[in-house]
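The lines below spell out each chain.
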Amino acid sequence: MTPHSEDKTPVTLLGLGAMGTALARAWLAAGHPTTVWNRTPARAGALAAGGARRADGPAEAVAASTLVVVCLLDDVSVGEVLAGTDLSGKDVVNLTTSTPAQARARAAWASDRGARYLDGGIMAVPPMIGVPESGGYVLYSGPRDVFDRHRDTLAVPAGTTYAGEDPGFAALQDVALLSAMYGMFAGTTHAFALIRRENLDPAAFAGLLTGWLTAMAPAAHAVAAGLTADAAPEEEVSSLAMQVAGTPTFLDTARQQGVSPELLAPYFELMRRGLTERNEAKNPKGLVDLLLR
Ligand code: FVH
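Cut-offs and rules
Residues numbered from 1 in each chain as written. Predicted model: local features only at pLDDT ≥ 70, side-chain atom pairs only at ≥ 80, totals over all residues. Heavy atoms only, no water. Salt bridge = Lys/Arg side-chain N within 4 Å of Asp/Glu carboxyl O. Helix = DSSP H or I, 4+ residues; strand = E, 2+ residues; numbered from the N terminus. Buried < 20%, exposed > 50% of the residue type's maximum accessible area, 1.4 Å probe, protein only. Domains from an automatic or database assignment. Buried area = accessible area lost by both parts, 1.4 Å probe. Polar contact = N/O pair within 3.5 Å; in protein donor to acceptor, adjacent residues only side chain to side chain.

(A) Representation of the pattern of salt bridges within the structure. For the structure on display, the rule yields eleven salt bridges. When the shortest N-O distance is used, the salt bridge between R144 and D148 registers 3.3 Å. Remark: D148 and R144 occur in helix α6 (residues 144-154); sequence separation between them is four residues, near one turn of the helix. Judged by relative accessible area, D148 falls into the partly exposed class, the value being 38%.

Below is the structure:
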């Protein structure tokens with residue numbers, strides 16, 4: 001670990017799960033005086049050995065630094081841990097995954113207690129923390145001046161992206177991005193199930209799969225163009241009518257391979273509705289609006 005430097009902002013970190021530990025390691029390695037607390041004290045041992053100050057409780061940890069970073073399981077645990085602490089004058093940065101409503105309520109709750117509040121959504125897994133080339137970053141929303149004041153410190157574990165003054169915007173985009181990830185995981189699970197009983201090498205198939213998913217990821221720009229009024233219309237390359245006509249091939253293949261269609265069927269049903277209910281044959285992006293209630 002780099003020795004603590006006088007000019008480095010002290011950081012308090014509440015929560016030393018997989019992510020909190022990775023964050024604390026990054027700040028320690030960069031020479032920030034780092035105070036840590038975790039409900040299960042043993043998890044602070046290695047960090048303390050590496051130079052972190054171990055607080056006996058959340059109140060002591062919060063008192064140690066103006067910048068208080070929270071990375072706990074969920075919003076309920078955040079409320080429990082911060083309940084007995086004095087937050088007046090603190091800059092609280094909550095990196096716990098939350099709903100937008102929870103983030104907005106937590107911002108108001110912190111403000112009532114005299115704290116400034118940023119909500120964050122971590123777009124990284126622990127091995128990406130402290131590794132700039134990993135591409136990991138954190139979305140932040142809340143007061144711009146609080147973000148600017150701590151930007152350099154917040155940039156130590158991962159890149160920073162400011163998502164706006166509304167404290168719910170980081171959480172909203174975090175959940176949206178993670179939802180897309182789960183869609184990808186669903187497709188990946190189905191794809192491996194299709195080949196599972198065949199004499200095919202899963203590792204070789206994984207290579208095909210990652211290449212294909214990477215090639216298709218920019219399709220998000222076409223969806224965005226369809227949702228943006230002044231965007232130039234894109235040339236149609238994969239009509240919805242064509243895709244709906246192809247769904248029996250996918251469902252028949254699943255049946256032939258003895259695979260449940262449960263992960264694929266809902267999206268196929270949405271495409272069918274797009275075609276029949278809204279005649280979206282020429283606009284696959286219209287499927288987005290079909291989901292709105
Ligand atoms: N790890 C990941 O891949 C993702 C990446 C994207 C962002 N998430 C979010 O980060 C938050 C923390 O995730 P984590 O991976 O660190 O989670 P765990 O390893 O399960 O650690 C959970 C910590 O929360 C503490 N905790 C739970 N409940 C309470 C409570 N009631 N009171 C006090 N602390 C609590 C737990 O303490 P302990 O079990 O060690 O005593 C851990 O410190 C999360 O929002 C992800 O969505 C991670």
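(B) Local environment of the domain arrangement of the protein chain. What the domain assignment reports for the protein chain is domain 1 (5-165) and domain 2 (173-291). For the pair domain 1 and domain 2, the two sides together bury roughly 490 Å², of which 67% comes from carbon and sulfur. It is T97, M123 and L139 that lose the most area in domain 1 upon contact with domain 2, and together they represent 60% of the buried surface on that side. Taken together, the connections running from domain 1 to domain 2 amount to zero salt bridges. Summed over the shared surface of domain 1 and domain 2, the result is zero residue pairs in polar contact (both at pLDDT 80 or more). The set of elements that each furnish at least two residues to the side of domain 1 that touches domain 2 consists of β6 (116-123) and β7 (137-141).

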